[in-house]
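Results of the structural survey
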Amino acid sequence: MSAAIADYDNDGLPISLSPTTNSSISSITTRAQQVRRGRIRDGSCSSRAWQPDIWHGCDFRDLFNDGYPDIVLSALQNETFPIYRNVAGTSFEEITARSGMTVLSDPMSGYSVNIADFDNDGWKDIFVSRGDVASPNMSGRIHVDQLNTVFRNLNGKWAALTEEAGFGAQPPRRHRGAAVADFNGDGKLDIVVTALSAPAEIWMNDSPGNSHWLEFALQGTKSNRDGIGARIKVTAAGKVQFNHMTTASGYASSSAVPVHFGLGDARMADEVEIRWPSGTVQTLKNVAADRIVQVKEPR
């Protein structure tokens, strides 16, 4: 029910991943379509068959700080909730079980998936809006109304936080779309979530600590106006991170524009490299933290 478009092999051209799902078949092979000189070329997106689950939302960002966008999908209760690690742009490896994503104290159905660094420690976390497709009057063991969950990234392992993250402050609901933005300008990303037959929820991020951050608001000249597709590399205190400019995030949702980076204890980025869709490479040095940096593409 979602598609994710990114330059998965870092060759300057976008790849479109569109999971086709049908629970009645035993396996599904997902194909990628890559635009190359005006033609579409089919290429295998994974070295193994995908599981026959029904997926809803997806997001795609570099979870491991290795420079390659990874993919996270949400699924119904009792189905695989996969993380696919991008193996140097050559294939995708499912690492769900060993990453800790399946470790939950209650059955889980997911809709929106949003990848962002919510605690500004330099590692991107995973937020999931939760709620089943079933109607509330259905009987059985299906948990229709559910609390949201955030998976904190602990250097490539994830810890599932629900009550600990404060999501128990509201009753469980059938949540659907979700978007991410810094609503109060404190440098911490907040979340807005929709729910069926209920008001939208705004979750303000009051995570403890004083980790630093940077955001980049891009303006393209030779590239598209919003710089969508631009790839940003940030080096701070010896650590390297990657992110890209996109408004697409989650299930049927669109998030705020600035590209966000958590810097941990670093008070500045030693170097910022921006690769624009036009092919232009722009470098910034010694960028002070805790602010939104307006960047215009050189003509």
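Residues numbered from 1 in each chain as written. Predicted model: local features only at pLDDT ≥ 70, side-chain atom pairs only at ≥ 80, totals over all residues. Heavy atoms only, no water.

1. Comments concerning the overall build of the protein chain
Note the threshold: A helix here means a DSSP run of H or I that spans at least four residues, while a strand means a run of E at least two residues long, and both kinds are numbered starting from the N terminus. Under the scheme applied here, a residue whose accessible area is under 20% of the maximum for its type counts as buried, over 50% as exposed, and between as partly exposed, the area being computed with a 1.4 Å probe on protein chains only. Whether two residues touch is decided by their heavy atoms; if any such pair falls within 4.5 Å, the residues are in contact. Computed with a 1.4 Å probe, the accessible areas rest on the Shrake-Rupley method; for each residue, only the protein chains presented here act as cover.
From N to C terminus, the protein chain includes one helix and 22 strands. The proportion of buried residues among the 299 residues of the protein chain is 51%. Pairs at least 24 apart in sequence give 52% of the contacts found in the protein chain among residues at least 6 apart. As presented, the protein chain carries roughly 13800 Å² of accessible surface, and 49% of it is formed by carbon and sulfur atoms.

2. What to know about the packing of aromatic side chains
Here is the rule we go by: Pairing of aromatic rings covers Phe, Tyr and the six-membered ring of Trp, with a centre-to-centre limit of 6.5 Å; geometry is then stacked below 30 degrees between planes, edge-to-face above 60, and tilted otherwise. We call a charge positioned over a ring when the NZ of a Lys or the CZ of an Arg lies within 6 Å of the ring centre and within 35 degrees of the ring normal.
Under the definition given, this model contains seven aromatic pairs. Note on Phe127 and Phe167: the rings are 5.7 Å apart at their centroids and 55° apart in plane angle, and the pair reads as tilted. Highlighted residues: Phe127 in strand E10 (residues 125–130) and Phe167 in the loop between strand E12 (158–161) and strand E13 (175–181), separated in sequence by 40 residues. Comparing Phe127 with Phe167, the two get one shared label, buried. Lying across the ring of Phe64, Arg85 places its NZ or CZ 3.9 Å from the centre.

3. Comments concerning the nonpolar core
Selection rule: For this analysis, a nonpolar core means a set of buried residues of the types Ala, Val, Leu, Ile, Met, Phe, Trp, Tyr and Cys, connected via side-chain atoms within 4.5 Å.
If you look at the biggest cluster of nonpolar residues, it comprises 21 residues, and the most contacted ones within it are Phe216, Leu218, Ile232 and Val272. Looking at this core, the elements that each hand over two or more residues are strand E16 (212–219), strand E17 (231–236), strand E19 (259–264), strand E20 (268–275), strand E21 (281–288) and strand E22 (291–296). With residues up to four places along the chain from it excluded, the contact list for Ile232 reads Phe216, Leu218, Gln241, Phe242, Asn243, Val259, Phe261, Val272, Glu273 and Ile274.

4. So, the sheet that holds strand E18 (residues 239–244)
Strand pairing in a sheet relies on backbone hydrogen bonds, with the paired strands running either antiparallel or parallel. What counts here: When DSSP finds two or more bridges between a pair of strands, those strands are recorded as paired. Comment: axis = line fitted to C-alpha atoms, over the contacting stretch for helices; angle = value between 0 and 180 degrees taken between N-to-C directions.
Pairing is antiparallel in the open sheet, where four strands are placed in the order E18-E17-E20-E21. Single-partner strands in this sheet number two, and they are E18 and E21. For this sheet the average axis-to-axis angle between neighbouring strands, irrespective of direction, equals 20°. Here seven bridges tie E20 to E21, and the two strands are oriented antiparallel to one another. Directly across from Glu271, in E21, lies its bridge partner Lys285.

5. Structural notes on the pattern of salt bridges
The following threshold applies: Take a side-chain nitrogen of Lys or Arg and a carboxyl oxygen of Asp or Glu: if they are within 4 Å of each other, that pair is a salt bridge.
For the coordinates displayed, the defined rule picks out five salt bridges. One salt bridge in this structure joins Asp66 and Arg85, with 3.6 Å as the shortest N-O distance. You can see Asp66 sitting in the loop between strand E5 (55–61) and strand E6 (70–75) and its partner Arg85 sitting in strand E7 (residues 83–87), a full 19 residues away along the chain. Taking relative accessible area as the criterion, Asp66 reaches 29% and is therefore assigned partly exposed. The exposure class of Arg85 is partly exposed, given its relative accessible area of 30%.

6. Thoughts on the pairing of E7
Alignment of E7 against strand E8 (residues 91–94), held across four bridges, turns out to be antiparallel. Along E8, the bridge assignment pairs Val87 with Ser91. Between E7 and the antiparallel strand that follows it, E8, lie three residues; Ala88 among them carries a positive phi value of about 50°.

7. Re the confidence of the model for the protein chain
This is how it is decided: Per-residue confidence from the predictor is reported as pLDDT, a score between 0 and 100.
Summarising the model, the protein chain shows a mean pLDDT of 81, and 76% of its residues fall at 70 or more. Here residues 16–52 is a poorly scored stretch, pLDDT under 50, and it has 79 contacts once near neighbours within four places are set aside; other chains count.

8. Some words on unusual backbone geometry
Phi at Asn10 takes a positive value of approximately 55°, unusual for a residue other than glycine. Under the relative-accessibility criterion, Asn10 is labelled partly exposed at 27%.

9. Some words on the sheet that holds E22
In spatial order, the strands read E19-E16-E22; together these three strands make up an open sheet with mixed pairing. One side of each edge strand has no neighbouring strand; the edge strands of this open sheet are E19 and E22. With direction set aside, neighbouring strand axes in the sheet form an average angle of 25°. Across six bridges, E16 lies against E22 in parallel orientation. By the bridge assignment, Ala217 is partnered in E22 with Gln294.

10. Quick look at a nonpolar patch on the surface
Stated formally: For patch building, the residue pool is restricted to those with more than 30% relative accessible area and no salt bridge; the joining distance is 9 Å between like charges and 5 Å between nonpolar side chains (Val, Leu, Ile, Met, Phe, Trp, Tyr).
The grouping of Phe183, Ile202 and Met204 at the surface amounts to a nonpolar patch, some 310 Å² of accessible area in total. Relative to the assigned elements, Met204 resides in the loop between strand E15 (198–203) and E16.

11. Remarks on the side chain of Arg173
Going by this rule: Here a polar contact is taken to be a pair of N or O atoms separated by no more than 3.5 Å, where protein atoms must pair a possible hydrogen donor with a possible acceptor and residues adjacent in sequence count only if both atoms sit in side chains.
With respect to the secondary-structure elements, Arg173 resides in the loop between E12 and E13. On the accessibility criterion, Arg173 (17% relative accessible area) is buried. At 2.7 Å, the side chain of Arg173 forms a polar contact with the side chain of Glu201. In this structure Arg173 touches Arg130, Gly131, Val144, Asp145, Gln146, Ala195, Ala198 and Glu201, once residues within four positions along its chain are discounted.

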